[in-house]
Structures are given as structure tokens and as C-alpha cells.
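# Per-entry structural report
The primary structure of each chain is shown beneath.
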Amino acid sequence: MNGKTEVVVVGGGYGGVTAANRLARRDGMSVTLVNPRADFVERIRLHQLVTGSDDAVEDFRKIMGAQVRLVIDTVTRIDAAGRQVSLAGGGSLSYDYLVYAVGSGAVGPGVPGAAEFTHRVSDLEGAERLRSALAATSASEPVTVVGAGPTGLETAAELAEAGRRVTLVCGDVLGPSLHARVRRPVARRLTELGVAVLEGPSARVTEVTPDRVRLDGGRELPSAVTIWTAGFGVPDLAARSGLSTDAEGRLITDTTLTSVDDERIVAAGDAGVMPDHPFRMSCQAAVQLGPAAADTILRRIAGKKAAPVRMFFAGQCLSLGRDEGVTQFSYPDDKVNALRISGRPGAGVKEIACRFTLNKLVSGARKAGSRS
Ligand SMILES: Cc1cc2nc3c(=O)[nH]c(=O)nc-3n(C[C@H](O)[C@H](O)[C@H](O)COP(=O)(O)OP(=O)(O)OC[C@H]3O[C@@H](n4cnc5c(N)ncnc54)[C@H](O)[C@@H]3O)c2cc1C
């Protein structure tokens, strides 16, 4: 230790990077961010990586303050009592405060054959494998996308626009998080792109084989490439480290994002949960939770009471291929309403949202470069 307050940020996604940049702006802070990759993954563009319209990665040097030390490794355990983390590459890092920002990824589907024979788009490595699998099949071979939440809708549209034969198995309803009236332009666009949309109680996958998907009721769909997008799961690091988690494995915190077990551990992003203040796992939440987690730590260091986090949601932006999209507006508490922007302007809003998010990280890095 060097007389400074040592903060270890575990995970370099939207939550971790925004927290690290905010912390690094203050004198007297030494911030180390641990992430398994040398590049930042723009997860909100991973469906674009699959078709090649974006590579979905950015250099950490562009989006993270120069004073933040990047350690390329994976945290395997948090020792809360000893205030240190163990690294997969060997060794450990001590901390005064820890930001838990390990994010989310694919959830274990729990359907026979799904773990072996489906692809994921929710993390970089999964999206890269999917791109290779698609490249190894001809465009005429059938592709099945399972799950019609935002990730499934965007993936199905992107692939169909790229000329693939896509069936979207919704599980129940198309776009469950959308307002009923906003579902219509989404369904229309998918139909225009030639996506076969299966909705309703029988549109549930019960088994996956290397070349087929079986639905509730016995119907079988031929499928050369099957993509599982239903739901996000979180890493089990908190649970493995003996910290309190919910049934999904998210670190349980109070409304200041502080772990209920230890005031030195603060969560940012998808991997934390506030039972009294639930929020949707999203980039939109993570970029607000990162700075809020940093503020909780800074207030605690200053001997002040940490303040409850306040979040503001504007809506959900969906790209439906490169040419069209739908923006679903919401009330500030994330409850959706019937307002929308669809068509080409909808795609424009989504693109602006992606660029705005990245620019926010870049400007955070610049501010972190000049200390107050
Ligand atoms: C295709 C797609 C499209 C999306 N579109 C949108 C959208 O339009 N709008 C929106 O709001 N959200 C969207 N999301 C969701 C959004 O990407 C996530 O909610 C967001 O990335 C969460 O940010 P985070 O910082 O919590 O975690 P992440 O971005 O998941 O980052 C977590 C980081 O922690 C690292 N990590 C994990 N475990 C460890 C460990 N043990 N040690 C060290 N590092 C670790 C991970 O490798 C990763 O780099 C989309 C997601 C996908 C997959």
C-alpha cells in the first residue's frame, strides 16, 4: 500500500469502467481494474459482431483514465475479511474498497441439449464462436433464435437482414418488455425481413439437438445454427466468496449499492441487486450505477453518509437490422409507455444511444486524466 486509498474494481464493463473513472478523478485514490481481456467489450453491439457490421471492442486506453491500472486477469475469490482478491493468474490484490462489477452473460438454459448445441451472443467469445459457426454454414440453412427479449429480437433481425433464414422462437410473447402497441412495428419489421416468428404457449423449446429444435407439443424445426438468447445469468464469484446473493447469484446490496455483508464492497451493474429497488439488467442502468458506486465509496472515505442511488430510465432502443429500429419510451422508473419511434429514425436513435454511451466513457476517461 502507498498511503493512498486502494480500490479494486472487479470487471471492466460499463459499470466497472464508469466507477473506475469517477474514483480516479480524486486525489489520494489508487484504482486498479481487473478484467480478463485487454479490450473493452461493447456488449450492446455484440449482435453486430456476429454479422460483421461492428467489432464490438474498444481499446481500454481510450475509455479509461490513464491513472487507472489495468490488470488483465480474472478474480477467482474475494476474501472480504482479509480485504484481498485472488487472481486466476496467481497472486492477489489488497484493497480498502472493492467495486463488484462482474456483469452478466448467458444463463444456463436448463433444456436438454441446449448447453451443448446452442450458441450465445451475450459475451465476446460466444459471439465470436457464433460468427464462425455461421460462416461454416450456407446462407440457405436454417437458423433458430430462441428468446424474443431485446437480444433475441436484435440478433434475429440482424441475421435476417444479412440474408440468413431465421426462425424466432418467442417462448410466449414477442418482446415481453415492450408495450403491446410497440410490439406491432417490431413484428412488422421482422416479417418484412422474412423472420418466421413463433409465439404462444407451444413456442417453447424443450430439446435441442445438433440439427434440430423440438418445441412443446412435439413440433420439430430443422436448425443448422441455434442461438440461445433467453435471459442473462451472472458469474458466481460473490456466492463462491461467501457473500450474500439472491437466487440468481447477484450480490445483494442496500440502496447505496453496498453489500449487506460488508461496507467495503460496493456493486455496480448487472451483477448487483437491490431487493428494495429492483432494476432491469442493462447498459443504461450500469452507466448510472458505476458512478453511484464510486460516490458511495468517496462519501464513506470522507466520513459522510452514503446516499441512496437514483436512477433515471428513458426507454429501450432496439436495432432491427442496420436500416430500421424501434425506440420504446418509458417513464423514469423504467415502466414502458405506448410512445415509440420506429423505422429508420428508430435505427438512428439506437445508433446515437450506442455512440453516446461510448462517448460518455471517453469523456469520463478524460476527466479522470485531470485530477481535482
Ligand atoms: C447483444 C446485446 C445487446 C444489448 N443491448 C443493450 C441495449 O441496447 N441497451 C441496454 O441498456 N443494454 C443492452 N444490453 C445489456 C448490456 O450489455 C448489459 O446489461 C451491460 O453490459 C451490463 O454492464 P456491466 O458493466 O454490469 O457488465 P458487463 O458489460 O457484462 O461487463 C462485466 C465485465 O466483467 C468481467 N468479469 C466477469 N467476471 C470477472 C472476474 N471474475 N474477474 C474480472 N473480471 C470479470 C467480464 O469479462 C466483463 O468484461 C445488451 C446486451 C447484449 C448481449
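Description of the structure in this document. (Residues numbered from 1 in each chain as written. Predicted model: local features only at pLDDT ≥ 70, side-chain atom pairs only at ≥ 80, totals over all residues. Heavy atoms only, no water.)

## Let's talk about the overall build of the chain
What counts here: A run of DSSP states H or I qualifies as a helix once it reaches four residues; a run of E qualifies as a strand once it reaches two. Both are numbered from the N-terminal end. C-alpha atoms define the radius of gyration, and 2.2 Å times the number of residues to the power 0.38 defines the globule rule. Partly exposed residues are those whose accessible area sits between 20% and 50% of the maximum for their type, while under 20% is buried and over 50% is exposed, using a 1.4 Å probe and protein chains only. Contacts are assigned to residue pairs that have any heavy atoms within 4.5 Å of one another. The convention is simple: Lys and Arg are positive, Asp and Glu are negative, and His and the chain ends are not counted. Where a charge lies is defined by one atom per residue type: Lys uses NZ, Arg uses CZ, Asp uses CG and Glu uses CD.
Summing up its helical and strand segments, the chain has ten helices and 24 strands in all. In terms of overall size, the chain behaves like a compact globule, its C-alpha atoms giving a radius of gyration of 21 Å where 372 residues would be expected to give roughly 21 Å. Looking at the chain as a whole, 52% of its 372 residues are labelled buried. A sequence separation of at least 24 residues applies to 61% of the contacts in the chain between residues at least 6 apart. Taking the average location of the 45 positive side-chain charges in the chain and that of its 41 negative ones, the two points are 6 Å from each other.

## Things to note about the pattern of salt bridges
Between side chains of opposite charge, pairing is possible as soon as their charged atoms come close. Put simply, the rule is: A pairing counts as a salt bridge when a side-chain nitrogen of Lys or Arg comes within 4 Å of a carboxyl oxygen of Asp or Glu.
In total, this model carries 25 salt bridges according to the counting rule given. For Arg 280, the salt bridge goes to Asp 334, with nearest N and O atoms at 2.8 Å. Highlighted residues: Arg 280 in the loop between strand 21 (272–273) and helix 9 (283–301) and Asp 334 in the loop between strand 23 (324–330) and strand 24 (336–342), separated in sequence by 54 residues. For Arg 280, a relative accessible area of 26% corresponds to the partly exposed category. Here the residues in one salt-bridge network are Glu 42, Arg 45, Asp 54, Glu 351 and Arg 355, joined through shared partners.

## Brief notes about empty space enclosed by the protein
Let me state the cut-off plainly: Note on definitions: the grid is 1 Å and covers protein atoms alone; a cavity is a set of points where a 1.4 Å probe fits but cannot get out; a pocket is an open set with protein on both sides within 12 Å along at least five of seven lines; lining residues have an atom within 4 Å of a point. Grid points are joined across faces, edges and corners, and a volume is the space filled by probe spheres set on the points. As a working rule, the residues Ala, Val, Leu, Ile, Met, Phe, Trp, Tyr, Cys and Pro are called nonpolar, Asp, Glu, Lys and Arg charged, and the rest polar, with Gly in that last group.
Tallied over the entire structure, the rule returns two cavities of 30 Å³ or more. What the largest cavity holds in volume is close to 60 Å³. For the second largest cavity, the full set of lining residues is Thr 253, Leu 257, Ala 267, Ala 268, Gly 269, Gly 272, Val 273, Met 274, Phe 279 and Leu 289. Of the residues belonging to the lining of the second largest cavity, the class tally is seven nonpolar, three polar and no charged.

## Observations concerning the site of the ligand
The following threshold applies: Proximity criterion: a residue is near a molecule or strand once any of its heavy atoms comes within 4 Å of it. For the purposes of these results, a polar contact is taken to be a pair of N or O atoms within 3.5 Å, where, inside protein, one atom must be able to donate a hydrogen and its partner to accept one; residues adjacent in sequence count only when each atom of the pair is a side-chain atom. What sets the accessible areas is the Shrake-Rupley method with a 1.4 Å probe; for residues, cover comes only from the shown protein chains.
Near the ligand, the surroundings consist of 35 residues, among which Gly 15, Asn 35, Arg 43, Asp 270 and Lys 350 are the closest. Residue Asn 35 places a side-chain N or O atom 2.8 Å away from an oxygen atom belonging to the ligand. Measuring from an oxygen atom of the ligand, one finds a side-chain N or O atom of Arg 43 at 2.8 Å. For the ligand, whose free accessible area comes to 1000 Å², the fraction covered by protein is 90%. Those elements that place two or more of their residues in the shell around the ligand are helix 1 (14–24), strand 2 (29–35), helix 6 (150–161) and helix 9. The residue makeup of the shell around the ligand, split by class, is 15 nonpolar, 14 polar and six charged.

## Points about the pairing of strand 17 (residues 225–228)
The line we're drawing: Strand pairing is assigned whenever DSSP identifies at least 2 bridges connecting the two strands.
Neither face of strand 17 is exposed, since Val 225 and Ile 227 on one face and Thr 226 and Trp 228 on the opposite face are all buried. As judged from the four bridges shared by strand 11 (residues 142–146) and strand 17, these two strands associate in the parallel manner. Each residue of the ladder has a partner; that of Val 145, found in strand 17, is Ile 227.

## Structural notes on the packing of aromatic side chains
The condition is simple: Any pair of Phe, Tyr and Trp rings, taking the six-membered ring for Trp, is counted once the centres come within 6.5 Å. Such a pair is stacked with planes under 30 degrees apart, edge-to-face with planes over 60 apart, and tilted for the rest. Charge-over-ring contacts are defined here by two conditions on Lys NZ or Arg CZ: a distance within 6 Å of the ring centre and an angle within 35 degrees of the ring normal.
Taken as a whole and judged by the stated rule, the model has two aromatic pairs. Centroid distance Tyr 14 to Phe 40: 5.2 Å. Interplanar angle 90°. Geometry classified as edge-to-face. Note that Tyr 14 is positioned in helix 1 and Phe 40 in strand 3 (residues 39–41), a separation of 26 residues in sequence. Plain terms: the ring middles of Phe 40 and Phe 60 are 6.1 Å apart, the flat faces sit at 75° to each other, and that makes the pair edge-to-face. Taken together, the residues Phe 40 in strand 3 and Phe 60 in helix 3 (residues 60–63) connect sequence positions 20 residues apart. The class of Phe 60 is buried, set by a relative accessible area of 2%. In this structure an aromatic cluster arises from ring pairing among Tyr 14, Phe 40 and Phe 60. Stacked on the ring of Tyr 97, the Lys or Arg Arg 264 has its end atom at 4.8 Å from the ring centre.

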